[in-house]
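Listed below are the residues making up each chain.
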Amino acid sequence: MPGRELDSDGDRTATLQLVIALGRSVQAIERGVRPHLAAYGLGMTEFAVLEVLYHKGALPLGEIRDRILVTGASTTYVVKKLEERRLMRRRTCADDQRIVFGELTPKGRALMDEVFPAHVDRLRHVMAGVSASDKRVAAQLLRRLSQHARRATGERVTEDD
């Protein structure tokens, strides 16, 4: 049926346009915040690790990896770098020695107390062209997209997704 083919082509086009728009948006936002983080000696992944610990508290390293969307090897490398700077530390779980937690040190918390509010201000500046209402709608749509994509690929979906 011609109508179905048009719907399929329309969905194909919309899907590709969305993927391109998402990628460009993420790149533009990162370009907007990267210099601010670099001024504190942080890369995007290092900041992501510190940020998740800042807001969630001590977490198993595997959960940190899952939350910031990097590979296990990358997480280990970043954690090691942050440990060397005394911004975070590893702690073995008292109940299960196989589980290793990452947690902020006082120095890491002090850094995030300074960096995070300015980071939010920078994000707000970069995204000032979009209303708060539109940001909420976009966040809801993107959360739904993320949840569906994760289910479609067999990944675990959590309440944070």
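Check the entry above for the structure.
Residues numbered from 1 in each chain as written. Predicted model: local features only at pLDDT ≥ 70, side-chain atom pairs only at ≥ 80, totals over all residues. Heavy atoms only, no water.

Some thoughts on helix α6 (residues 132-152)
Then comes step 1: Along its 21 residues, α6 runs 30 Å from first to last C-alpha, staying within 8% of the 30 Å computed at 1.5 Å per residue.
Then comes step 2: After α6 finishes, the residue G154 shows a positive phi value of roughly 80°. (Helix = DSSP H or I, 4+ residues; strand = E, 2+ residues; numbered from the N terminus. Expected span 1.5 Å × (residues − 1).)

Remarks on a nonpolar patch on the surface
Then comes step 1: Together, L18, L142 and L145 give the surface a local cluster of nonpolar side chains, amounting to about 230 Å² of exposed area.
Then comes step 2: Mapping L145 onto the fold places it in helix α6.
Then comes step 3: Looking at L145, the relative accessible area reads 37%, which means it is partly exposed. (Patch = residues over 30% accessible without salt bridge, like charges linked within 9 Å, V, L, I, M, F, W, Y side chains within 5 Å. Areas by Shrake-Rupley, 256 points an atom, 1.4 Å probe, with all protein chains shown as cover. Salt bridge = Lys/Arg side-chain N within 4 Å of Asp/Glu carboxyl O. Buried < 20%, exposed > 50% of the residue type's maximum accessible area, 1.4 Å probe, protein only.)

Considering the packing of helix α2 (residues 44-56) against helix α5 (residues 106-126)
Then comes step 1: Running from N to C, α2 and α5 cross one another at 105°; their axes reach a closest spacing of 10 Å. Here α5 runs roughly perpendicular to α2, going by the angle between their axes. The residues of α5 that touch α2, namely those facing F47, L50, E51, L53, Y54 and H55, are R109, L111, M112, D113, V115, F116 and H119.
Then comes step 2: Residue classes in the contact of α2 with α5 are distributed as eight nonpolar, two polar and three charged. (Axes fitted to C-alpha atoms, helices over the stretch in contact; angles between N-to-C directions. Parallel < 35°, antiparallel > 145°, perpendicular 65-115°, else oblique. Contact = heavy atoms within 4.5 Å. Nonpolar A, V, L, I, M, F, W, Y, C, P; charged D, E, K, R; others polar.)

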